[in-house]
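Understanding the architecture of this molecule
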Amino acid sequence: MASTTIHVLLLLLMPPLLLGVINKTKAFFGGRVGPPLLQLYYDILKLMRKGIVLSDTTTWIFIAGPIITLAAVVAAGLLVPFGQIQAPITFTGDLILFAYLFGLARFLTTTAALDTGSSFEGMGAAREVTFACFSEPAVFFAFLVLAKVSGSLTLSDMLRASVDASVMGSAPLILIAIGLFVVLLAENCRIPVDDPNTHLELTMIHEVMVLDHSGPLLGVILYTASLKLFVLGAVLLHVLTPSYLSTDWLDWPLFVAGMLGLAVAVGIVESVMARLQMRHVPYLLVFALISCGFGFLLLIR
């Protein structure tokens, strides 16, 4: 019960801190002070106190989209173990539910964007679903590798079993770690795929879909984006650092430190790389797909 409570508290409270760490890291590399670590918490609270402006062309889908998306990502977070502690919800085949919860979140986000009737947001929705054609198969190939290594179709067992991976399994794990890191950047609109801090028509993917949202709905969207980064980061962390100790009280601090380290790594990548031209983004995602696919082929050869 205590582990479940800590899991839920970390899932609900820690995600905005990761974006604060990323921004602080980018500010450090840029020689700036940067915004406070807790800036996103302040922004979300401020948005929650504001009113909502709705276009006459929108329907209930425009309001329901961000709320159901938040529920889907929270549910996905309850399927992923943090550290070596088992996830609160676990059953055989839960990896399929995990993938489709993110698919449901993507569907509702793009549907809410299309509901505005704006061709600009429709452009972002088209880009979002197009790039998902590459990132989703990459995730499934990564899950196939983890399922083969662990001999289980339960997400908790798959992610925790990477601790016991043999030398033969090391190369596939490295390949899927590279692929998952690229997917993490793409799915969370981070550089070099997208930049959440700019609003340039030629380069926007995720941000363009939420331009019409305001007030609490925009706050929900910002919070959901940080949750998505946190959940996908937790999956990647299991592949990158499968060496947690088996002591409960030490697992949680190690997990938190690992997530903060991952946020610093994302900040470093964004500081040393430029955003790719839109026509080059599919090449990067194809690279992630091939990397995860080769990881699976190496394991079954």
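Preceding this paragraph is the structure being described.
Keep in mind it's a predicted model, so treat the numbers as computed, not measured.

Remarks on the pattern of salt bridges
Counted by the stated rule, this structure contains 6 salt bridges. We note a salt bridge from Glu 187 to Lys 228, for which the minimum N-O separation is 3.2 Å. Of this pair, Glu 187 sits in helix H8 (residues 170-187) while Lys 228 sits in helix H9 (residues 215-240); the two residues are 41 residues apart in sequence, bridging distant segments of the chain. Per residue, the accessibility class of Glu 187 equals that of Lys 228, and both read buried. Arg 190 is the salt-bridge partner of Glu 270, the closest N and O atoms lying 2.5 Å from each other. Here the residue Glu 270 occupies a position in helix H10 (residues 248-272), and Arg 190 occupies one in the loop between H8 and H9, the gap between them amounting to 80 residues. Look at the salt bridges and you will find they share partners, linking Arg 106, Glu 128, Glu 136, Glu 187 and Lys 228 into a network.

Observations regarding the layout of surface pockets
The gaps left among the atoms become clear once a water-sized probe is rolled over them. Taken as a whole, the largest pocket encloses approximately 920 Å³ of empty space. Lining the largest pocket are 38 residues, with Cys 189, Glu 207, Ile 221, Leu 222 and Ala 225 positioned closest to its centre. Among the elements of the structure, helix H2 (15-29), helix H3 (39-48), helix H4 (60-77), helix H5 (94-114) and H9 are those that each provide at least two residues to the lining of the largest pocket. Considering every element that reaches the lining of the largest pocket, the biggest residue donor is H9, with 8 residues. Residues belonging to the lining of the largest pocket are distributed by class as follows: 18 nonpolar, 13 polar and 7 charged. Estimates place the volume of the second largest pocket at around 200 Å³. Every residue lining the second largest pocket is counted, 13 residues in all, and those nearest its centre are Ala 99, Phe 102, Arg 106, Glu 136 and Val 139. Ranked by residues supplied to the lining of the second largest pocket, first place goes to H5 with 6 residues. In terms of residue class, the lining of the second largest pocket is built from 8 nonpolar, 2 polar and 3 charged.

What to know about unusual backbone geometry
Despite not being glycine, Cys 189 shows a phi value in the positive range, around 50 degrees. Along the chain, Cys 189 turns up in the loop between H8 and H9. Look at Cys 189 and you get buried, because its relative accessible area is 8%.

Digging into empty space enclosed by the protein
All told, the structure shown has 3 cavities of 30 Å³ or more when counted by the stated rule. Forming the walls of the largest cavity are Phe 98, Val 139, Phe 143, Leu 180, Val 183, Leu 184, Leu 232, Val 235 and Leu 236. Secondary-structure elements contributing two or more residues to the lining of the largest cavity are helix H6 (119-150), H8 and H9. Its residues placed into classes, the lining of the largest cavity shows 9 nonpolar, no polar and no charged. Space inside the second largest cavity adds up to approximately 60 Å³. What lines the second largest cavity is Arg 106, Glu 128, Phe 131, Ala 132, Ser 135, Ala 186, Glu 187, Val 193, Ile 205, His 206 and Leu 285. Among the elements of the structure, H6 and H8 are those that each provide at least two residues to the lining of the second largest cavity. Ranked by the residues each element gives to the lining of the second largest cavity, the list is headed by H6, at 4 residues. Looking at the lining of the second largest cavity, its residues break down into 6 nonpolar, 2 polar and 3 charged.

Points about the nonpolar core
Within the largest apolar cluster, 70 residues are counted, with the highest numbers of intra-cluster contacts made by Val 80, Phe 82, Phe 98, Phe 143 and Leu 155. Counting residues per element, this core draws most heavily on H9, which supplies 11 residues. When sequence neighbours within four positions are dropped, the list of residues in contact with Phe 98 reads Ala 76, Leu 79, Val 80, Phe 143, Leu 155, Val 231, Leu 232 and Val 235. Counting residues in hydrophobic clusters, the runner-up holds 7 residues, among them Ala 125, Met 204, Val 208 and Met 209.

Conventions and cut-offs
- Residues numbered from 1 in each chain as written.
- Predicted model: local features only at pLDDT ≥ 70, side-chain atom pairs only at ≥ 80, totals over all residues.
- Heavy atoms only, no water.
- Salt bridge = Lys/Arg side-chain N within 4 Å of Asp/Glu carboxyl O.
- Helix = DSSP H or I, 4+ residues; strand = E, 2+ residues; numbered from the N terminus.
- Buried < 20%, exposed > 50% of the residue type's maximum accessible area, 1.4 Å probe, protein only.
- 1 Å grid on protein atoms, 1.4 Å probe; cavity = no way out; pocket = protein on both sides within 12 Å on 5 of 7 lines; lining within 4 Å.
- Points joined across faces, edges and corners; volume = space filled by probe spheres on them.
- Nonpolar A, V, L, I, M, F, W, Y, C, P; charged D, E, K, R; others polar.
- Core = buried A, V, L, I, M, F, W, Y, C linked by side-chain atoms within 4.5 Å.
- Contact = heavy atoms within 4.5 Å.

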